[in-house]
Amino acid sequence: MEESEPADGEDGAVRGRVVVGVYGSLGSIAALHAAHAEARAREAELWVVLAWQPPLGGPGARRGGGGTALLTASREAAVERLREVLDTAFGGAPAGVTLAGLAVRGTPGAALVGTVRDSGDLLVVGTGPRGPLLRALRPSVSRYCLRRAPCPVLAVPPGPLRADLDAVRRRIVWRRTLDAGDLVRWAA
């Protein structure tokens, strides 16, 4: 039997990247924690990507009329948002992994697929409840990534409390009262 060279590390451990998309929602925080666990288990780097776009697609940048200032402000806001998300999720630097934070200009799906380097990487995306109206207005990032990524994709479903939170929000929108019986049913 022949011995082969280690793929990435000198100690024989195969190292790659775990790429995860975030924007601050509960679903993206859940995906970030799942990606962190995967990165630790694989001894891989954790690449956290926040996709951003300038307001109105940045038409000023193409015409040259104040576009540079708008692009700079948009990028700085995205970088600050990424810092806030990481601080919310981990309270500082996550333990046990090498972290790279990227604010990438583009749509979320394209930014994530574009960040993936090769088939050895893992792409982690959050999924969420998507009613017919939301599907019509905004395409699904997780479906985009599942179709186009050249690597495995881990789609993290929303946490168990997400359905309860959505139910409470619907009651608020429709101005329906919330009684103690509903809370007991949800807690069970």
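Residues numbered from 1 in each chain as written. Predicted model: local features only at pLDDT ≥ 70, side-chain atom pairs only at ≥ 80, totals over all residues. Heavy atoms only, no water.

**Concerning the overall build of the protein**
Now for step 1: Scanning the protein from N- to C-terminus turns up 8 helices and 5 strands.
Now for step 2: Traced from its N-terminal end to its C-terminal end, the protein shows the element sequence β-α-β-α-α-β-α-β-α-α-β-α-α.
Now for step 3: Classification of the 188 residues of the protein by burial places 31% in the buried group. (Helix = DSSP H or I, 4+ residues; strand = E, 2+ residues; numbered from the N terminus. Buried < 20%, exposed > 50% of the residue type's maximum accessible area, 1.4 Å probe, protein only.)

**Quick look at the state of the cysteines**
In a disulfide, the sulfur atoms of two cysteines are covalently bonded to one another.
Now for step 1: Here the structure, examined in full by the defined rule, presents 0 disulfides.
Now for step 2: Between C145, a cysteine without a disulfide, and C151, which holds the nearest cysteine sulfur, the sulfur-to-sulfur distance is 8.8 Å.
Now for step 3: On the basis of relative accessibility, which here comes to 0%, the residue C145 falls in the buried class. (Disulfide = S-S within 2.5 Å.)

**Quick look at the environment of T98**
Now for step 1: For T98, the position within the fold is in the loop between α3 (67-90) and β3 (99-105).
Now for step 2: Residue contacts for T98: discarding those within four places in its chain leaves E45 and L46. (Contact = heavy atoms within 4.5 Å.)

**Looking at the packing of aromatic side chains**
Now for step 1: The final tally for this structure, using the stated rule, is 0 aromatic pairs.
Now for step 2: Residue placement shows R17 over the ring face of W47; its charged tip is 4.0 Å from the ring centre. (Phe/Tyr/Trp six-rings, centres within 6.5 Å; stacked < 30°, edge-to-face > 60°. Lys NZ or Arg CZ within 6 Å of the ring centre and 35° of its normal.)

**Some details on helix α4 (residues 108-115)**
Now for step 1: Regarding α4, the residues found buried are G109, A111, L112, V113 and T115.
Now for step 2: Tucked into the core, α4 has its buried residues touching β1 (17-21), β2 (45-52), β3, β4 (122-126) and α6 (141-148).

**Focus on the nonpolar core**
Now for step 1: In terms of nonpolar packing, the biggest core is built from 23 residues, with V18, V20, V22, L32, L46, V48 and V124 touching the most fellow members.
Now for step 2: Contributing elements (two or more residues each) for this core: β1, α1 (26-42), β2, α3 and β4.
Now for step 3: Contact partners of V124, with chain neighbours within four places excluded, come to V18, V19, V20, G21, A31, A35, L154 and V156. (Core = buried A, V, L, I, M, F, W, Y, C linked by side-chain atoms within 4.5 Å.)

**Let's talk about the pattern of salt bridges**
Now for step 1: Scanning the entire structure with this criterion turns up 4 salt bridges.
Now for step 2: One salt bridge connects E38 with R42, and the closest N-O pair in it is separated by 3.1 Å. Within this pair, E38 and its partner R42 are both found in helix α1, separated by 4 residues, close to a single helical turn.
Now for step 3: R83 is the salt-bridge partner of E80, the closest N and O atoms lying 3.8 Å from each other. In this pair, E80 and R83 both sit in helix α3, 3 residues apart, roughly one turn of the helix. (Salt bridge = Lys/Arg side-chain N within 4 Å of Asp/Glu carboxyl O.)

**Topic: the sheet that holds β3**
Now for step 1: Taken together, the 5 strands give an open sheet; going across it, the order is β3-β2-β1-β4-β5, and neighbouring strands pair in parallel fashion. Only two strands of the sheet have a single neighbouring strand rather than two, namely β3 and β5 (153-156). Averaged over neighbouring strand pairs, the angle between their axes works out to 20° when direction is ignored.
Now for step 2: Relative to β3, β2 runs parallel, the two sharing 7 bridges. By the bridge assignment for β3, L46 is matched with L99. (Pairing = 2+ DSSP bridges. Axes fitted to C-alpha atoms, helices over the stretch in contact; angles between N-to-C directions.)

**Quick look at the pairing of β2**
Now for step 1: In terms of burial, β2 is largely enclosed, as 6 of its 8 residues are buried.
Now for step 2: Of the crossover connections in this fold, the one passing from β1 over α1 to the parallel β2 is right-handed. (Right-handed = clockwise from strand over helix to strand, strands pointing away.)

**Observations concerning the packing of α1 against α3**
Now for step 1: Two elements in contact, α1 and α3, have axes whose closest approach is 10 Å; the angle formed by their N-to-C orientations is 70°. Looking at the two axes, α1 sits roughly perpendicular to α3. The handedness of the crossing between α1 and α3 is right-handed. Here α1 contributes I29, L32, H33 and H36 to the contact with α3, which in turn contributes V85, L86, A89 and F90.
Now for step 2: A class-by-class count of the residues in the contact of α1 with α3 yields 6 nonpolar, 2 polar and no charged. (Parallel < 35°, antiparallel > 145°, perpendicular 65-115°, else oblique. Left-handed = near helix turned anticlockwise from the far one by under 90°. Nonpolar A, V, L, I, M, F, W, Y, C, P; charged D, E, K, R; others polar.)

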